[in-house]
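# Descriptive structure summary
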Amino acid sequence: MADTLAGTAAVPEYPMARAAGCPFDPPPDLTAQQGEGRLVKVRLWDGSTPWLVTRYEDQRALLLDPRVSADITRPGYPLQVAAGGGENNASFILMDDPEHARLRRMVTAPFAIKRVEAMRPGVQKIVDDLIDGMLAESGPVDLVEAFALPVPSLVICQMLGVPYEDHDFFQENSRLLIKRDAAMEDRMTAHGRLIAYLDELMGEKMARPADDLLSGLVERVRSGELSRSESARMGVLLLIAGHETTANMIALGTLALLEHPEQLALLRDTDDPKRVAAAVEELLRYLTIVHNGRRRAALEDIEIGGQVIRAGEGMVMPNDLANRDPAAFADPDRLDLRRDARRHIAFGFGVHQCLGQPLARMELQVVYSTLYRRIPTLKLAAPVESLPFKHDGSVYGVYELPVTW
């Protein structure tokens, strides 16, 4: 989120890195702004001055408001990078209804709760097999490489029908695409590679369809409901979102629990699925790893929080800040797995909330209920202050997490 605040009068420029010793908390200057005012104008990299929306209730209200647009082409929309940096190849998440709804419906069914729950035994096997591989190692292992990244990558590859042996290629380009300080040319190149990769896979599915999500998109192309380029863009979105966010939640969630051993014990020592599910919701609230803020533009004048957001003005809504709003969650900076955190907005809110949240929840429930039970002595193999955090990414996490037992 720090890129949105640089160079403002109300909120001075500060680095993207979080405060020393507080790797799980939003930037302290951002938290201070929440205490001072609900809405404030901030200056972006391009000189534009959208509204920073700091409070939980205001974010929820605006994300539900039909006068608020997610369309990246609208006047005043607060861009993260210059036009041409990949965002102009807009996926349906950067569109408004009815086009957003039309495209989203085409990929909704595989993420329905009933379909996702049917995948739970397969995900459990993936998790157990990877833990077996870790336990076969004699020394410390990097939890990111050995476990956190392979779990969701294997799952989303199976769902989409993407060969897992290509994971190094799509993970490398995915990381570059969401790297905040990457050069525009590099981002565009990475996006182009992924589009070309998915387009080639679509061609293969046309010749040899299978029981997977990409084959379903191919049928939409055949029927004329979807263009081939649209299907490739949707495939890229699902591939990136399907592994990058969950992998970071697995690694960062594990680190948070290791740093809060009394909370880890609560999770490790229970076999109650409801308590595990509640723990997942609290970790999602506490960490809220997507740090770009939900970005929107006003279609009409909107009065909220004692301010008027004029038509054509932009809004940045940092969900990590809203999920730490003391008006919404008591003692919000404390990790409390007994808390009822189900109303968090880590997945966004309204019609644009994350399509894959049932899958992410299920994967995290399996991981968090299995890893610490099977390796009860799991511990860090390096000091927290030495860990390489993803301060340069739009999805927060750690690049490496050395652990032992």
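Residue positions are given per chain, counted from 1 along the sequence in the order it is written. A pLDDT threshold of at least 70 governs which residues receive local features in this predicted model, and a stricter bar of 80 or more applies before side-chain atom pairs are shown or counted, although totals over entire chains, interfaces and linings include all residues. Side-chain numbers here rest on the full set of heavy atoms in the structure, without hydrogens or water.

What we call a nonpolar core is a set of buried Ala, Val, Leu, Ile, Met, Phe, Trp, Tyr and Cys residues that are connected through their side-chain atoms within 4.5 Å. Exposed residues in this analysis have more than 50% of their type's maximum accessible area, buried residues have under 20%, and partly exposed residues fall in between, with area computed by a 1.4 Å probe over protein chains only. Judged by nonpolar contacts, the single largest core of 91 residues is most densely connected at Phe147, Val162, Leu252, Leu255, Leu287, Tyr368 and Leu401. Each helix corresponds to a stretch of at least 4 residues labelled H or I by DSSP, and each strand to a stretch of at least 2 residues labelled E; elements are numbered beginning at the N terminus. The element best represented in this core is helix α11 (residues 228–258), accounting for 15 residues. In what follows, a contact means two residues having at least one pair of non-hydrogen atoms within 4.5 Å. If we ignore the near neighbours within four places in the chain, the residues touching Leu287 are Phe24, Met249, Leu252, Gly253 and Ala256. Judged by nonpolar contacts, the second largest core, of 17 residues, contains Trp51, Val53, Leu62 and Met315.

Remark: helix α7 (residues 150–160) packs on helix α15 (residues 357–374), axes separated minimally by 11 Å, with the N-to-C direction vectors making an angle of 140°. Between α7 and α15, the crossing angle belongs to the class labelled oblique. The chirality of how α7 crosses α15 is right-handed. Between α7 and α15, the residues in contact are Val151, Pro152, Val155, Ile156 and Met159 and Leu359, Glu363 and Val367, respectively. Here the residues of the contact of α7 with α15 sort into 7 nonpolar, no polar and 1 charged. Axis lines are fitted through C-alpha atoms, for helices just across the contact stretch, and the angle between N-to-C directions can take any value from 0 to 180 degrees. Reported orientations rely on four angle classes, namely roughly parallel under 35 degrees, roughly antiparallel over 145, roughly perpendicular from 65 to 115, and oblique for the rest. For any pair of crossing helices, the crossing counts as left-handed if the nearer helix is rotated counterclockwise from the farther one by less than a right angle, and right-handed if it is rotated clockwise. Only Asp, Glu, Lys and Arg are considered charged in this grouping, and only Ala, Val, Leu, Ile, Met, Phe, Trp, Tyr, Cys and Pro are considered nonpolar; every other residue, Gly among them, is considered polar.

Every buried residue of helix α12 (residues 261–268) is listed here: Gln263, Leu264, Leu266 and Leu267. Buried residues along α12 cover an arc of 155° about the axis, so they all sit on one side. Buried residues along α12 sit in contact with α11, α13 (273–287) and α15. What the arc measures is the spread of directions leading from the helix axis to the C-beta atoms.

With 92% of its residues at a pLDDT of 70 or more, the protein has an overall mean of 89. Confidence of the predictor at the level of single residues is captured by pLDDT, which takes values from 0 to 100. Note that pLDDT drops below 50 for residues 1–17; the model gives that stretch 50 contacts with residues more than four away or on any other chain. Here residues 84–88 is modelled with pLDDT under 50, and outside its nearest four sequence neighbours on either side it reaches 12 contacts, counting other chains as well.

Taken together, the 5 strands give an open sheet; going across it, the order is β1-β2-β8-β5-β3, and neighbouring strands pair in mixed fashion. Edge strands, defined here as strands with exactly one partner in the open sheet, are β1 (39–41) and β3 (68–69). Here strand β5 (residues 294–298) runs beside strand β8 (residues 314–317); their pairing, made up of 4 bridges, is antiparallel. Considered in β8, the bridge of Ala297 is made with Gly314. With respect to the sheet, helix α2 (residues 56–64) is in contact with β1, β2 (51–53), β3, β5 and β8, its orientation differing from that of β8 by roughly 130°. Here, strands pair whenever DSSP counts at least two bridges between them.

The next thing to look at is the pairing of β8. Taking every second residue as pointing to the same face, both faces of β8 are buried, with Gly314 and Val316 on one and Met315 and Met317 on the other. Judged from the 2 bridges that link them, β2 and β8 form a sheet pairing that is parallel. Following the sheet pairing, Trp51 is matched in β8 by Met315.

Since the α-helix packs 3.6 residues into each turn, any two residues three or four apart lie on the same face. Compared with an ideal rise of 1.5 Å per residue, which puts 31 residues at 45 Å, α11 spans 45 Å between its outermost C-alpha atoms and is within 8% of the ideal. For α11, a buried count of 26 out of 31 residues is recorded, marking the element as mostly surrounded by other parts of the structure. A helix is expected to span 1.5 Å for every residue after the first.

As a further point, take the packing of aromatic side chains. Here is the rule: rings of Phe, Tyr and Trp (six-membered ring for Trp) pair when centre to centre is within 6.5 Å. Planes less than 30 degrees apart are stacked, more than 60 are edge-to-face, and the remainder are tilted. Per the counting criterion, the structure on display carries 5 aromatic pairs. Consider the rings of Tyr368 and Tyr372, whose centres lie 6.2 Å apart with planes at 20°: the pair is stacked. One end of the pair is Tyr368 and the other is Tyr372, both in helix α15 and 4 residues apart, which spans about a single turn. Judged on exposure class, the residue Tyr368 and its partner Tyr372 are both buried. For a lysine, the NZ atom is tested; for an arginine, the CZ atom; a charge sits over a ring if that atom is within 6 Å of the ring centre and within 35 degrees of the ring normal. The cationic tip of Arg285 hangs over the ring face of Phe329; the distance from NZ or CZ to the ring centre is 5.4 Å. When the ring centre of Tyr399 is taken as reference, the NZ or CZ atom of Lys390 above it lies at 5.2 Å.

A separate point is the pairing of β5. Regular strands have side chains that alternate between both faces of the sheet. Judged by how many residues are buried, β5 sits mostly within the fold: 5 of 5 residues are covered. Both faces of β5 are covered, namely the face carrying Arg294, Arg296 and Ala298 and the face carrying Arg295 and Ala297. Here 2 bridges tie β3 to β5, and the two strands are oriented antiparallel to one another. Among the inter-strand pairings, Val68 is bridged to a residue of β5, identified as Ala298.

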